[in-house]
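Overview (structure and organization)
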Amino acid sequence: MMFSIKKKLVYLLVVCVFLTAVILGGIGLFKVTSVINQKSHSALTLVGSAEKQRLNVIISNLEQSVNYLEDITIGHITDVNALVQDEAYRNSITKELEYLAYSLVTNTNFAMSCYLRYNPELFSPTEGFFWLKSSSQSFMPESCTDISKYDADDIGHVGWYYIPVSRQTPTWIVPYYNENVGIYMVSYVVPVYVRNKLVCVVGMDVDFSYIVREIDEINPYKTGYAYMLDQKESVIYHRDYKFGSTVQTEEDSLEEMFILSNGWHLVTAVPKKEISTEKRQILPFMIIATLIVGFIFIVIAVYSVAHVINPLLELNGAIKEIAAGNMDINISCTSNDEIGMLAENFRKAIQKLPTYMYTDALTGIKKSSAYKRSVSDYESRIASRSMTEFAVLVFDVNNLKTTNDRYGHEAGNKLIVTASSFICHSFKSSPVFRIGGDEFVAVLQNSDYEHRNALIQAFDMAMFNEKIELPAVMLNLSIARGLAVYDASVDNTYADVFKRADDAMYENKNKMKGVLK
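Conventions we followed
- Residues numbered from 1 in each chain as written.
- Predicted model: local features only at pLDDT ≥ 70, side-chain atom pairs only at ≥ 80, totals over all residues.
- Heavy atoms only, no water.
- Helix = DSSP H or I, 4+ residues; strand = E, 2+ residues; numbered from the N terminus.
- Buried < 20%, exposed > 50% of the residue type's maximum accessible area, 1.4 Å probe, protein only.
- Contact = heavy atoms within 4.5 Å.
- Areas by Shrake-Rupley, 256 points an atom, 1.4 Å probe, with all protein chains shown as cover.
- Core = buried A, V, L, I, M, F, W, Y, C linked by side-chain atoms within 4.5 Å.
- Axes fitted to C-alpha atoms, helices over the stretch in contact; angles between N-to-C directions.
- Nonpolar A, V, L, I, M, F, W, Y, C, P; charged D, E, K, R; others polar.
- Pairing = 2+ DSSP bridges.
- Phe/Tyr/Trp six-rings, centres within 6.5 Å; stacked < 30°, edge-to-face > 60°.
- Lys NZ or Arg CZ within 6 Å of the ring centre and 35° of its normal.
- Salt bridge = Lys/Arg side-chain N within 4 Å of Asp/Glu carboxyl O.
- Polar contact = N/O pair within 3.5 Å; in protein donor to acceptor, adjacent residues only side chain to side chain.

In this section: the overall build of the chain. Counting its secondary structure elements, the chain contains 14 helices and 17 strands. The burial tally for the chain puts 43% of its 517 residues in the buried class. For the chain, contacts bridging at least 24 residues in sequence account for 61% of all contacts bridging at least 6. Put simply, the chain shows about 27800 Å² of open surface, and 55% of that area lies on carbon and sulfur atoms.

Checked against the element boundaries, isoleucine 211 lands in helix H5 (residues 208–216). For isoleucine 211, a relative accessible area of 7% gives the class buried. In this structure the C-alpha to C-alpha distance between isoleucine 211 and methionine 228, which are 17 residues apart in sequence, comes to 9.8 Å. Those residues in contact with isoleucine 211 that sit more than four places away from it in its chain are Leu55, Val186, Val206 and Met228.

This part covers the nonpolar core. Leu83, Tyr118, Val199, Met204, Ile211 and Met228 are the most contacted members of the largest nonpolar core, which totals 51 residues. Sequence-distant contacts of tyrosine 118, that is, excluding residues within four places in its chain, are made with Leu83, Arg90, Ile93, Thr94, Phe123, Glu127, Gly128, Ile147, Tyr161, Val199 and Cys200. Among the nonpolar cores identified, the runner-up in size contains 26 residues, and Val397, Phe422, Phe440 and Leu470 belong to it.

All right, on to the packing of helix H10 (residues 400–407) against helix H11 (residues 409–426) then. Running from amino to carboxyl end, H10 crosses H11 at an angle of 145°, the nearest separation of the two axes being 7 Å. Of the residues in H11, those touching H10 at Leu400, Thr403, Asn404 and Tyr407 are His409, Ala411, Gly412, Leu415 and Ile416. Its residues assigned to classes, the contact of H10 with H11 comprises five nonpolar, four polar and no charged.

What follows covers the sheet that holds strand E17 (residues 479–485). Pairing is mixed across the open sheet formed by five strands, whose spatial order is E11-E13-E14-E12-E17. The open sheet has two edge strands, strand E11 (366–367) and E17, and neither has a second partner. Bridge count between strand E12 (residues 391–397) and strand E14 (residues 439–444): six bridges; the pairing is antiparallel. Looking at the pairing, valine 394 lines up with valine 441 of E14. Contacting E12, E14 and E17, helix H13 (residues 452–463) runs over the sheet at an angle of about 175° to E17.

Turning next to the sheet that holds strand E10 (residues 265–271). If you trace the four strands from one edge of the open sheet to the other, you get E8-E7-E10-E9, paired in antiparallel fashion. Every interior strand has two partners, whereas the edge strands, strand E8 (235–237) and strand E9 (253–259), have only one. When the angles between neighbouring strand axes are averaged without regard to direction, this sheet yields 30°. Judged from the five bridges that link them, strand E7 (residues 225–229) and E10 form a sheet pairing that is antiparallel. When the bridges of E10 are listed, alanine 226 appears paired with threonine 268.

Now for the packing of aromatic side chains. For the structure on display, the rule yields 21 aromatic pairs. Ring geometry for tyrosine 161 against tyrosine 162: centres 5.1 Å apart, planes inclined by 90°, an arrangement best described as edge-to-face. Residue classification places tyrosine 161 among the buried residues on the basis of a relative accessible area of 2%. By the ring-pair criterion, three or more aromatic residues cluster together here, those being Tyr371, Tyr378, Phe390, Phe433, Tyr486, Tyr494 and Phe498. When the ring centre of tyrosine 225 is taken as reference, the NZ or CZ atom of arginine 239 above it lies at 3.7 Å. In this structure, arginine 452 is placed above the aromatic ring of tyrosine 449, and the distance from its NZ or CZ to the ring centre is 4.4 Å.

Time to look at the pairing of E14. For E14, the buried fraction is high: five of the six residues fall into the buried class. Relative to E14, strand E13 (residues 432–434) is paired through three bridges, and the arrangement is antiparallel. Bridge assignment links phenylalanine 433 to a residue of E14, and that residue is valine 441.

Another aspect to go through is the pattern of salt bridges. Counted according to the given criterion, the structure contains twelve salt bridges. Here aspartate 240 ties to arginine 239 by a salt bridge, and the two come within 3.5 Å at their closest N and O atoms. Residue classification places aspartate 240 among the exposed residues on the basis of a relative accessible area of 53%.

Summarising the element assignment, threonine 363 is placed in the loop between helix H8 (338–358) and E11. For threonine 363, the side chain forms a polar contact with the side chain of aspartate 360, separated by 2.7 Å. Within the structure, threonine 363 has its side chain in polar contact with the backbone nitrogen of isoleucine 365 (distance 3.4 Å). Those residues in contact with threonine 363, other than ones at most four positions away along the chain, are Tyr99, Ile416, Val417, Ser420 and Arg434.

Put into structure tokens, the structure is as follows:
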């Protein structure tokens with residue numbers, strides 16, 4: 001016979017309450033000090049662990065984004081010499097990386113800036129890009145600091161560059177006042193090496209005042225507080241100590257230390273004076289109150305267990321919905337406890353899932369899973385007659401296999417990225433999907449639908465002037481396309497329109513090859 005978690009918890013709580021009543025009734029007066037101290041350590045641990053998780057989320061988000069930007073940068077730079085000598089090639093690479101960096105920083109919680117700065121020993125000391133969050137909470141491009149104007153030990157202006165470069169490893173820079181933007185911040189910066197040569201650094205910053213607010217909001221007990229140390233246990237932030245100083249262990253307080261994922265230390269503390277006050281308040285009532293509280297606690301426990309289990313059941317149901325492919329989930333739990341935190345983190349995870357599930361990693365546009373979901377929506381709208389004017393435009397990028405075979409997959413990737421950008425730019429008001437290795441679909445609606453013929457003509461004309469610059473060769477962009485307009489008298493489903501567009505694309509592809517069928 002299987003017992004539910006609810007029954008198990010109720011039985012466990014009833015037994016615990018009974019045992020507690022017996023123990024406290026006999027030896028409570030002799031154990032009160034250790035019980036209170038243990039509770040104090042547990043409270044500090046609970047609060048510190050929760051805040052550690054929250055801070056680790058900030059740290060992890062930045063590290064993942066910057067490390068990913070490093071990987072993308074290394075993947076884009078195929079020839080360091082060409083990067084140094086060919087300004088047009090360098091500008092093209094920088095532009096692509098800047099676009100990808102913008103996508104990363106706008107999807108990285110708590111980040112206030114993102115940048116890539118080239119090695120001033122190889123390039124101009126102002127080359128690179130810098131995205132900074134404005135007062136309107138949107139990211140705007142800012143001019144780059146001239147690295148050559150400052151000494152390497154000028155932390156406020158160029159410490160974000162020289163510190164990780166000197167260490168030759170990804171580095172968390174402790175809080176410093178950034179003279180360039182006038183903000184106290186912490187930075188995570190990664191030096192990027194290609195074939196053992198330093199090409200650039202990439203990094204993101206977090207406004208240090210946010211972390212200060214997080215720490216100041218940690219209040220175990222009434223007079224408790226928290227502070228932060230670096231790996232060498234020097235002060236990063238403390239209400240009573242200056243930055244960089246060493247905290248003297250205080251015998252009149254209890255403390256718990258937690259190591260964050262980047263090596264910094266979070267410490268929660270509470271003065272023993274407050275704990276002693278609690279002891280004096282508890283002692284006179286302990287024996288009498290134990291039995292009364294025990295009975296009341298059992299009643300409350302039954303209700304509390306239900307209050308705890310219901311959100312877990314809701315989360316379990318949400319997981320089942322996600323497994324079934326439904327992302328439109330509303331989680332109602334908002335309690336201010338660990339389950340509420342779990343629900344909040346689950347909500348955040350759900351918000352990010354579409355990005356990972358529906359966004360193509362190479363091009364940054366919607367991928368085949370997003371297309372399938374949209375097709376289902378189109379089918380429903382066609383069936384209900386709420387979608388009466390649209391057209392399907394199917395694209396196939398020519399020469400991808402040849403490009404991969406002759407010049408490598410990096411060149412093939414660049415061909416796909418260029419084609420994706422060209423298609424999106426040509427049909428700005430329509431959703432564009434990458435549904436295969438070299439296949440794209442645009443669903444034309446509204447203004448793109450109304451001007452479809454002119455846009456396709458402009459697409460064909462502009463395509464012949466579009467070039468793809470590789471280190472050893474210049475390629476022409478070639479994309480076959482086929483259009484089909486929805487006709488309610490002919491088309492019963494979206495698939496009917498797509499089939500005609502796909503056939504038209506192959507006909508166009510054959511014409512481009514000079515083979516008429």
